[in-house]
Amino acid sequence: MKTFKLYGFSPSGNCNKVRYVADYLGLDYQWIETDSPNGETRTPEFLATINPAGQVPAVVFTDGRKMAQSNAIMFYLATGSKLIPDDDFALSQMLSWMFWEQYSHEPYLAVRRAMLKFKGKKEDELDPSLLDNGNAALAIMEQELTDKDWFIAGTISLADIALLAYTRTADEGGFALQLYPNVQKWIVRTKTALGI
Ligand SMILES: N[C@@H](CCC(=O)N[C@@H](CS)C(=O)NCC(=O)O)C(=O)O
């Protein structure tokens, strides 16, 4: 059994991804609320004992081992479960979506939301490329979901959970989810499967 402390900020999609997996798998963990926008991940103690990169999510296992990066943590927690396909090619496809999420999706959907929701910015103060690139990411998801319910292997996997985290809150970043009906249906499907 993987037992751990999960340092996370409740509104953060990156942190919630890990929480979704841990809850879905019924893992034994303690959530430690960590106010990242207000510097709680940048204290000398946090940097020295939890994550030298100064970010959440971060986990500390009961044996003292630590891990950061949402998608890596999810992968470790879910290893051996049905959230990761057995087939090597499907597993690599799952990872492909998870890398894409961190490089081509989260930097636009999460950042635009953070600017509006936590940094007090107005729409007209934001870099227009955030909206354009975020919509490009949503359009790719919409296309991918044209003829399937899940991103890979015909069932929910970590790819869906990684992508759900900031897609479900896209409206808070000023994105019009109604333009993406396949994505909207997939959000409901994935939330239902996770029981959230
Ligand atoms: N790539 C990282 C991103 C983590 C991240 O950006 N965490 C934010 C909260 S969502 C944070 O802790 N920011 C505080 C800071 O950088 O000072 C992951 O997926 O875990």
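Calculation criteria
Residues numbered from 1 in each chain as written. Predicted model: local features only at pLDDT ≥ 70, side-chain atom pairs only at ≥ 80, totals over all residues. Heavy atoms only, no water. Salt bridge = Lys/Arg side-chain N within 4 Å of Asp/Glu carboxyl O. Helix = DSSP H or I, 4+ residues; strand = E, 2+ residues; numbered from the N terminus. Buried < 20%, exposed > 50% of the residue type's maximum accessible area, 1.4 Å probe, protein only. Core = buried A, V, L, I, M, F, W, Y, C linked by side-chain atoms within 4.5 Å. Domains from an automatic or database assignment. Contact = heavy atoms within 4.5 Å. Pairing = 2+ DSSP bridges. Axes fitted to C-alpha atoms, helices over the stretch in contact; angles between N-to-C directions. Expected span 1.5 Å × (residues − 1). Near = heavy atom within 4 Å. Polar contact = N/O pair within 3.5 Å; in protein donor to acceptor, adjacent residues only side chain to side chain. Areas by Shrake-Rupley, 256 points an atom, 1.4 Å probe, with all protein chains shown as cover. 1 Å grid on protein atoms, 1.4 Å probe; cavity = no way out; pocket = protein on both sides within 12 Å on 5 of 7 lines; lining within 4 Å. Sits in = over half its atoms within 2 Å of the grid points. Nonpolar A, V, L, I, M, F, W, Y, C, P; charged D, E, K, R; others polar.

1. As for the pattern of salt bridges
Counted under the stated rule, the structure contains 7 salt bridges. Here Asp63 ties to Arg65 by a salt bridge, and the two come within 2.9 Å at their closest N and O atoms. A salt bridge links Lys117 to Glu172, with the nearest nitrogen and oxygen atoms 3.7 Å apart. One end of the pair, Lys117, is in helix H4 (residues 88-117); the other, Glu172, is in the loop between helix H6 (158-167) and helix H7 (181-194), and 55 residues separate them in sequence. The partly exposed category is assigned to Lys117, whose relative accessible area is 42%. Put simply, Arg113, Lys117 and Glu172 are held in one network by salt bridges that share partners.

2. What about the nonpolar core?
Within the largest apolar cluster, 56 residues are counted, with the highest numbers of intra-cluster contacts made by Phe4, Leu77, Leu158, Ile161 and Trp186. Of the domains in this structure, domain 1 (3-78) and domain 2 (88-194) are the two that each give at least three residues to this core. Residues within four places of Ile161 in sequence aside, it is in contact with Lys17, Tyr20, Val21, Met74, Leu83, Ile156 and Leu194.

3. Some thoughts on the sheet that holds strand E1 (residues 3-8)
With mixed pairing, 4 strands are arranged side by side in an open sheet as E2-E1-E3-E4. Since the sheet does not close on itself, it has two edges, and those belong to strand E2 (28-33) and strand E4 (66-68), each with one partner. Adjacent strand axes in the sheet meet at a mean angle of 20 degrees, parallel and antiparallel pairs treated alike. Bridge count for E1 against strand E3 (residues 58-61) is 4 bridges, and the pairing is antiparallel. Bridge pairing in E3 links Phe4 to Phe61. Against the sheet, helix H1 (residues 13-24) contacts E1 and E2, and its axis sits at roughly 155 degrees relative to E2.

4. Notes on H7
Its 14 residues give H7 an end-to-end C-alpha distance of 20 Å, which sits within 8% of 20 Å, the value for a rise of 1.5 Å per residue. Note on H7: the residue one or two positions beyond its end, Gly195, has a positive phi of about 70 degrees.

5. Side note on unusual backbone geometry
Following Val56, the chain continues to Pro57 via a peptide bond in cis, the omega torsion being 5 degrees. Tracing the backbone shows Pro57 in the loop between helix H2 (44-49) and E3. At Gln69, a residue that is not glycine, the phi angle is positive and equals roughly 80 degrees. Here the phi dihedral of Ala153 falls at roughly 60 degrees; this positive angle occurs in a residue that is not glycine. In this fold, Ala153 is placed in the loop between helix H5 (128-144) and H6.

6. Here's the deal with the site of the ligand
Around the ligand sit 13 residues in total, of which Arg42, Val56, Gln69, Ser70 and Gln102 are the nearest. Within the side chain of Ser70, a nitrogen or oxygen atom sits 2.6 Å from an oxygen atom of the ligand. Separating a nitrogen atom of the ligand from a side-chain N or O atom of Gln102 is a distance of 2.7 Å. Coverage of the ligand by the protein amounts to 78% of the 510 Å² it exposes when considered alone. Applying the majority rule of atoms within 2 Å of the grid points places the ligand in the largest pocket. Considered class by class, the residues forming the shell around the ligand number 3 nonpolar, 9 polar and 1 charged.

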